[in-house]
Amino acid sequence: MKTQTYTLNFGPQHPSTHGVLHVVLELDGEICVGSKTQIGYLHRGIEKLVEDRTYPQVIPYTDRLDYLSGMSNNLVYVQTIEKLMGIEVPERAEYIRVLLAELMRIASHMVGIGIYIMDLGAVSAVFYPFIEREKILELMSHISGGRMTFNYMRIGGVAYDLHPDFYPELDNFINEFPRFIEEYHKLVDDNEIFKARTKNIGVISAEKAMSYGLTGPNLRASGVDYDLRKISPYSVYDRFDFETAVGKNGDCYDRYVVRMKEVEESFKIIKQAYKEMPEGPVMAKVPKLIKPPVGDAYHQAENPKGILGCYVVSDGSPKPYRVHFRRPSFNNISIYDELFIGHKIADIVAILASFDIVLGEIDA
Amino acid sequence: MKNEKNYPELLTGRFGDKTVFNPEKPNEVYTDGDNLISVLEFLKNEGLNFLADISSVDYKEYFEVVYQLFSFDNSDHLTIKVKLDHNNPQVPSATALWETANWLEREVYDLMGITFINHPNLERILTWEGFEGHPLRKDFVSKKQSSRK
């Protein structure tokens, strides 16, 4: 019998691609024998646009990179400019930043985990994490006015001190969250279908993960213990007691396990930062017109999706000469073309979902 | 943050005057296109095994390609910079050392128009096939802008 392979366009308009990702699959029956990932459908040219904005005007653009973790993106950009100008940030502002960055990590992982399991067919598993995420977005809107695009961090601190409404809601969240974690572990961890769909699927070796520049939970699931918050602590991360979550097998299941563990560790940091938060100002003394000295700076931080880096070149004028972002999802998905080969098309959906990608930052 | 290893000393011992340091910025190395790959390979074997980022800057008279090297084992960081001629910007590809260089270099090629020699698949990645020009260059004029004038 004569057989032949065929081409299938996976995306760009397909709910399982988490946005506008386009993968051209070459299939032999149900098995993938060739793959070509195509991106750029959401390319807005942020790096070019911000060359015509002043330094503070760049901050809202960073919200739109990985739009599920705007606060963490704000943080990386403002810290880069602070590095360039040598600004010391008040202690209270640092604690607020860490608190919000970790809340953001939980919110982002809630989407990542929820949608992941929904893509595997368990639709009810998406609602529970989204309830918790909703609480965090409410918290964020109390302090910044926005639910996803916050524009809250400033060069030298944060825009405003925490709103009085923030504290009781955070108490509420801290009280209720452990129960959710416990319930969710019971719901998903030992689920036969979930395990069958994810164990030994999409296995990435540690060497491959490092060579492809994978970062964040996707790297740690492969057994590489690399977390910037531990290995080169920025802000005040060196003051908190937490562990990094590391997997063993590098398969889809481990990527879920690592994210759940990270959520628990973030929760620990939140409790500590909230308890130890000092009083004081939330903004450093920064000139009204921000003109960094001529030079360049690179800074990177551990975002929910992986390592977000920011490279800024200043020519001494009020506008940045060049801004470049190292976006974690962009590097993470570069492994797809190699990883997909040999998997069934249903497994490709599982692999895609397990990576927790956001097209806003892949395409920038 | 201070590096655990003294990379300036190691590099000068191996490459002599082919790598240039700025004493005020000990984390920054300048090299040239001919030596780039051997410098990167040397540093990779010395422990800087994480290529975090490749970016590029258009300084009008010349281009600069900037490599950010980190280590998976400690907090060491080194920035490698290569200056390129503005008329014919070319640099050898690092894809043989790191797979991640594939996409990072394609992005630099697409947006800045720098050619990476020996790259396996040097195509546009964010803009579409047939797009004219390289948007991040300082002399880039978009179609919309040019029709307005």
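Note that the structure is a prediction, hence the values are computed from the model and not measured.

K.L.:
When you look at the sheet that holds strand S3 (residues 50-58) of chain B in this model, what are you seeing that I'm missing?
P.N.:
Within a beta sheet, neighbouring strands are joined by backbone hydrogen bonds and run either parallel or antiparallel to one another. All names here are of chain B. With respect to topology, five strands assemble into an open sheet ordered S1-S2-S5-S4-S3, the strand pairing being mixed. Every interior strand has two partners, whereas the edge strands, strand S1 (20-22) and S3, have only one. Between one strand axis and the next, the sheet turns through 25 degrees on average, direction left out of account. Strands in contact with helix H2 (residues 33-45) are strand S2 (25-31), strand S4 (62-70) and strand S5 (77-85); relative to S5, the strand with the most contacts, it is inclined by about 165 degrees.

K.L.:
Can you help me understand empty space enclosed by the protein in this one?
P.N.:
Gaps left between atoms are located by rolling a probe of water-molecule size over the structure's atoms. In this structure the tally under the stated criterion is two cavities of 30 Å³ or more. As a volume, the largest cavity reaches approximately 50 Å³. Lining the largest cavity are Glu47, Arg322 and His324 of chain A together with Ser56, Glu107, Val108, Leu111, Met112 and Leu136 of chain B. A per-element tally of the lining of the largest cavity places helix H3 (residues 101-112) of chain B first, with four residues. When grouped by side-chain class, the residues that make up the lining of the largest cavity number four nonpolar, two polar and three charged. Of the voids in this model, the second largest cavity is the one considered here, and its volume is about 30 Å³. Ser72, Leu75, Ala101, Arg105, Tyr234, Ala301, Glu302 and Asn303 of chain A together form the lining of the second largest cavity. For the lining of the second largest cavity, the secondary-structure elements that each account for two or more residues are helix H3 (70-85), helix H4 (91-119) and strand S6 (295-303) of chain A. When residues in the lining of the second largest cavity are grouped by element, the largest group, three residues, is from S6 of chain A. Looking at the lining of the second largest cavity, its residues break down into four nonpolar, two polar and two charged.

K.L.:
I keep staring at the side chain of Glu361 of chain A and nothing clicks. Help me out?
P.N.:
Residues and elements named next belong to chain A. Topologically, Glu361 is positioned in helix H15 (residues 359-363). Within the buried set, Glu361 has no salt-bridge partner at all; the shortest N-O distance to an opposite charge, 6.1 Å, is to Lys305. Excluding residues that lie within four positions of it along the chain, Glu361 makes contacts with Leu65, Asp66, Lys305, Arg327, Pro328 and Ser329.

K.L.:
Sorry, what's going on with the sheet that holds S6 of chain A here?
P.N.:
Residues and elements named next belong to chain A. Strand order in the open sheet formed by three strands is S6-S7-S8, and the pairing between neighbours is antiparallel. Both outer strands of the open sheet, S6 and strand S8 (322-326), are each paired with one neighbouring strand and no more. Strand-to-strand twist of the sheet, defined as the mean angle between neighbouring strand axes without regard to direction, takes the value 15 degrees. Relative to S8, strand S7 (residues 306-314) is paired through five bridges, and the arrangement is antiparallel. Paired with Tyr311 across the strands is His324, a residue of S8. Seen against the sheet, H3 touches S6 and S7 and runs at an angle of roughly 150 degrees to S6.

K.L.:
Can you walk me through unusual backbone geometry in this structure?
P.N.:
Most peptide bonds take the trans configuration, and most residues that are not glycine carry a negative phi. The omega torsion across Gly11 of chain A and Pro12 of chain A is 0 degrees, close enough to zero to call that bond cis. Among the secondary structure elements, Pro12 of chain A is positioned in the loop between strand S1 (6-10) and strand S2 (22-28). Although it is not a glycine, Asn151 of chain A adopts a positive phi angle of roughly 50 degrees. By secondary structure assignment, the location of Asn151 of chain A is in the loop between helix H5 (127-144) and strand S4 (153-154). At Lys60 of chain B, a position not held by glycine, the phi torsion is positive, near 70 degrees. On the secondary structure map, Lys60 of chain B appears in the loop between S3 and S4. Residue classification places Lys60 of chain B among the exposed positions, given a relative accessible area of 54%.

K.L.:
Mind showing me how you'd approach the packing of H4 of chain A against helix H11 (residues 252-276) of chain A here?
P.N.:
Helix-helix packing: each pair is described by the crossing angle between the helix axes and the interaxial distance. Residues and elements named next belong to chain A. Axis separation between H4 and H11 bottoms out at 9 Å; the angle between their running directions is 155 degrees. Accordingly, the angle class assigned to the pair H4 and H11 is roughly antiparallel. Where H4 crosses over H11, the handedness of that crossing is left-handed. For the contact of H4 with H11, the class distribution of residues is 19 nonpolar, two polar and five charged.

K.L.:
Which parts of the structure should I look at to understand the pairing of S2 of chain B?
P.N.:
Within a regular beta strand, the side chains point alternately toward one face of the sheet and then the other, so they alternate between its two faces. Residues and elements named next belong to chain B. Two strands pair when backbone bridges link them, and S1 and S2 are joined in this way by three bridges, in the antiparallel orientation. Note on S2: the bridge partner recorded for Phe21 is Val29. The antiparallel hairpin formed by S1 and S2 contains two residues in its connecting segment.

K.L.:
When you look at the confidence of the model for chain B in this model, what are you seeing that I'm missing?
P.N.:
Caution is warranted with low-pLDDT regions, since their predicted coordinates should not be read in detail. With 97% of its residues at a pLDDT of 70 or more, chain B has an overall mean of 89. For this predicted complex, the interface confidence score (ipTM) comes to 0.92, while the overall pTM stands at 0.93.

Cut-off values and rules
Residues numbered from 1 in each chain as written. Chains lettered and ligands numbered in written order. Predicted model: local features only at pLDDT ≥ 70, side-chain atom pairs only at ≥ 80, totals over all residues. Heavy atoms only, no water. Pairing = 2+ DSSP bridges. Helix = DSSP H or I, 4+ residues; strand = E, 2+ residues; numbered from the N terminus. Axes fitted to C-alpha atoms, helices over the stretch in contact; angles between N-to-C directions. Contact = heavy atoms within 4.5 Å. 1 Å grid on protein atoms, 1.4 Å probe; cavity = no way out; pocket = protein on both sides within 12 Å on 5 of 7 lines; lining within 4 Å. Points joined across faces, edges and corners; volume = space filled by probe spheres on them. Nonpolar A, V, L, I, M, F, W, Y, C, P; charged D, E, K, R; others polar. Buried < 20%, exposed > 50% of the residue type's maximum accessible area, 1.4 Å probe, protein only. Lys, Arg positive; Asp, Glu negative; His and termini not counted. Salt bridge = Lys/Arg side-chain N within 4 Å of Asp/Glu carboxyl O. Parallel < 35°, antiparallel > 145°, perpendicular 65-115°, else oblique. Left-handed = near helix turned anticlockwise from the far one by under 90°. pLDDT = per-residue confidence, 0-100.

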